[in-house]
Amino acid sequence: MKGGRHGPAIVIPPSLEWLSGEPGGQLWLRDLPSLISTCLEQWQLVLGRPFLGNVSYVAPATTTGGSEVVLKVGFPHPDSEDEAAALAQWEGRGAVRMLDYDPERRVLLLERCAPGTNLWEESEDDATEAVAGVLEELWETPGPRSPFQALSSAARVWSEDLSAAYERWEHPFEQEIFEEAIAFMATARPPRSDDVILHQDLRGNALRRGDDWVAIDPKPLVGERAFDLTSYVRDRRDELASDPDAVKIVRKRLDRLCTRLDVDRERARGWALAHALAWGFDADGTFYPDHVLAARLIARC
């Protein structure tokens with residue numbers, strides 16, 4: 001598409017090309033420029049150069065009034081189905097503020113965080129402290145009409161899918177780690193009144209907003225707080241793979257977060273191990289080596 005009064009030509013980042021292999025991905029990518037153009041007209045935006053998103057088209061934009069915002073066009077995926085509902089409930093507390101939402105097109109208009117520093121740019125200790133602060137803000141009790149899937153329900157699906165993939169690929173890693181993950185997921189308790197909205201994917205998905213940090217890209221569930229440490233505990237896996245002190249690093253993350261947030265360490269450790277493997281394989285059943293590595297490290301903590 002050519003550029004015009006809504007800014008430069010609409011360019012689809014190469015980081016989204018892998019979606020062409022997903023069900024419905026080719027059609028979504030084909031229609032994406034037209035969808036973006038419709039959104040620019042709808043909200044009267046001038047578009048900037050897109051960020052390198054992996055599952056969504058995300059780009060800075062400016063309104064006719066001069067406000068700096070972010071346009072996010074999400075690929076239809078079950079994990080992000082309730083993203084807008086979570087952002088609406090958090091109302092900017094611990095998470096990026098949602099300004100508007102088009103549910104039919106699955107498009108969000110978000111505040112632009114400034115300076116927008118990514119959590120991965122911080123040191124290990126500073127990043128851990130930032131994550132603790134974000135989680136404290138996010139853990140709000142959902143209302144009685146909460147649309148979010150229960151963690152216990154998700155765990156049943158993960159357990160079934162993990163078992164099938166493990167057998168299909170003829171036990172591609174240690175039986176002990178697999179059995180520990182399956183056994184732990186079976187302990188997922190039914191929903192309770194003290195459950196909170198869980199981000200589920202709080203790793204590098206945090207940006208600096210002024211003096212604070214806020215979460216982005218939630219894949220919300222409802223359940224026990226201990227679960228929400230999972231993604232960060234196994235974060236920066238490329239660095240962990242080459243660090244001789246990787247176990248010590250993961251253990252320190254777990255210890256610091258559990259102490260700061262008053263979370264049961266064994267529950268947090270169990271969820272971290274189980275979730276690493278539950279999210280550790282693709283649709284064909286191929287296991288990701290970095291997720292298996294993370295599970296091995298967590299098992300030693």
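What comes next is a walk through the structure.

Turning next to the overall build of the protein chain. Helices and strands together make up the secondary structure of the protein chain, namely 10 helices and 10 strands. Over its C-alpha atoms the protein chain spans a radius of gyration of 20 Å, differing by no more than 12% from the 19 Å that the globule rule assigns to 301 residues. Based on the C-alpha atoms only, the size of the protein chain along its principal axes is roughly 60 × 45 × 40 Å. Evaluated residue by residue, the protein chain yields a buried proportion of 50% over its 301 residues. Within the protein chain, contacts between residues separated by at least 24 positions form 69% of all contacts whose residues are at least 6 apart in sequence. Accessible area of the protein chain: about 14500 Å², with a carbon and sulfur share of 50%. Placing the 34 positive and 51 negative side-chain charges of the protein chain at their respective mean positions leaves the two points 2 Å apart.

It is the contact of helix α5 (residues 175-185) with helix α9 (residues 265-278), at a shortest axis distance of 9 Å, that shows an interaxial angle of 115°. Once α5 is placed against α9, the crossing between them reads as left-handed. Two secondary-structure elements touch here, α5 through I177, F178, E180, A181, F184 and M185 and α9 through E266, R267, R269, G270, W271, L273, A274 and L277.

Turning our attention to the side chain of K72. Among the structural elements, K72 can be located in strand β3 (residues 68-74). The class of K72 is buried, set by a relative accessible area of 4%. Setting aside chain neighbours within four positions, we find K72 in contact with S56, Y57, V58, E83, R106, V107, L108, L110 and D217.

Looking now at the nonpolar core. Residues W158, L162, L229 and W271 are the most contacted members of the largest nonpolar core, which totals 79 residues. It is α9 that provides the largest number of residues to this core, a total of eight residues. With sequence-adjacent residues up to four places away left out, W158 is seen in contact with L151, M185, Q200, L221, F227, W271, H275, A278 and W279. Counting residues in hydrophobic clusters, the runner-up holds 22 residues, among them I10, L32, A59 and L109.

It is at 9 Å that the axes of helix α4 (residues 151-168) and α5 come closest, and there the two elements cross at 160°. Relative to α5, α4 is oriented roughly antiparallel. The chirality of how α4 crosses α5 is left-handed. Contact residues: α4 offers A155, W158, S159, L162, S163 and Y166, while α5 offers Q175, F178, A181, I182 and M185. Looking at the contact of α4 with α5 residue by residue, the class counts come to eight nonpolar, three polar and no charged.

Now for the pattern of salt bridges. Counting across every chain of the model gives 25 salt bridges. Across the pair E91 and R93 runs a salt bridge, and its minimum N-O distance is 3.0 Å. For E91, a relative accessible area of 53% corresponds to the exposed category. Look at R93 and you get partly exposed, because its relative accessible area is 30%. The partner of D201 in a salt bridge is K219, and the shortest N-O contact between them spans 3.0 Å. You can see D201 sitting in the loop between β7 (196-198) and β8 (206-209) and its partner K219 sitting in the loop between β9 (212-215) and β10 (221-223), a full 18 residues away along the chain. For the pair shown, D201 and K219 are each scored as buried. Where salt bridges share partners, they join D125, E129, E136, K252, R256 and R260 into one cluster.

Taken as a whole, helix α2 (residues 83-90) has its buried residues at E83, A84, A86, L87 and W90. Down the axis of α2, the sector holding all buried residues measures 160°, keeping them to one side. Where α2 is buried, its residues touch β3, β4 (98-102), β5 (107-111), α3 (124-138) and β7. Once α2 ends, the next one or two residues include E91, with phi positive near 55°.

Once that is clear, we can look at empty space enclosed by the protein. In this structure the tally under the stated criterion is two cavities of 30 Å³ or more. By volume, the largest cavity is sized at about 70 Å³. Lining the largest cavity are A150, L151, S152, A188, R189, P190, P191, D195, V222, G223, E224 and W271. Mapped by element, the contributors of at least two residues to the lining of the largest cavity are α4 and β10. Residue composition of the lining of the largest cavity, grouped by class: seven nonpolar, two polar and three charged. A volume near 60 Å³ is recorded for the second largest cavity. Contributing elements (two or more residues each) for the lining of the second largest cavity: β3 and α2. Per-class residue counts for the lining of the second largest cavity are three nonpolar, three polar and four charged.

About the thresholds
- Residues numbered from 1 in each chain as written.
- Predicted model: local features only at pLDDT ≥ 70, side-chain atom pairs only at ≥ 80, totals over all residues.
- Heavy atoms only, no water.
- Helix = DSSP H or I, 4+ residues; strand = E, 2+ residues; numbered from the N terminus.
- Rg over C-alpha atoms; globule rule 2.2 N^0.38 Å.
- Buried < 20%, exposed > 50% of the residue type's maximum accessible area, 1.4 Å probe, protein only.
- Contact = heavy atoms within 4.5 Å.
- Areas by Shrake-Rupley, 256 points an atom, 1.4 Å probe, with all protein chains shown as cover.
- Lys, Arg positive; Asp, Glu negative; His and termini not counted.
- Charge placed at Lys NZ, Arg CZ, Asp CG, Glu CD.
- Axes fitted to C-alpha atoms, helices over the stretch in contact; angles between N-to-C directions.
- Left-handed = near helix turned anticlockwise from the far one by under 90°.
- Core = buried A, V, L, I, M, F, W, Y, C linked by side-chain atoms within 4.5 Å.
- Parallel < 35°, antiparallel > 145°, perpendicular 65-115°, else oblique.
- Nonpolar A, V, L, I, M, F, W, Y, C, P; charged D, E, K, R; others polar.
- Salt bridge = Lys/Arg side-chain N within 4 Å of Asp/Glu carboxyl O.
- Arc of directions from axis to C-beta.
- 1 Å grid on protein atoms, 1.4 Å probe; cavity = no way out; pocket = protein on both sides within 12 Å on 5 of 7 lines; lining within 4 Å.
- Points joined across faces, edges and corners; volume = space filled by probe spheres on them.

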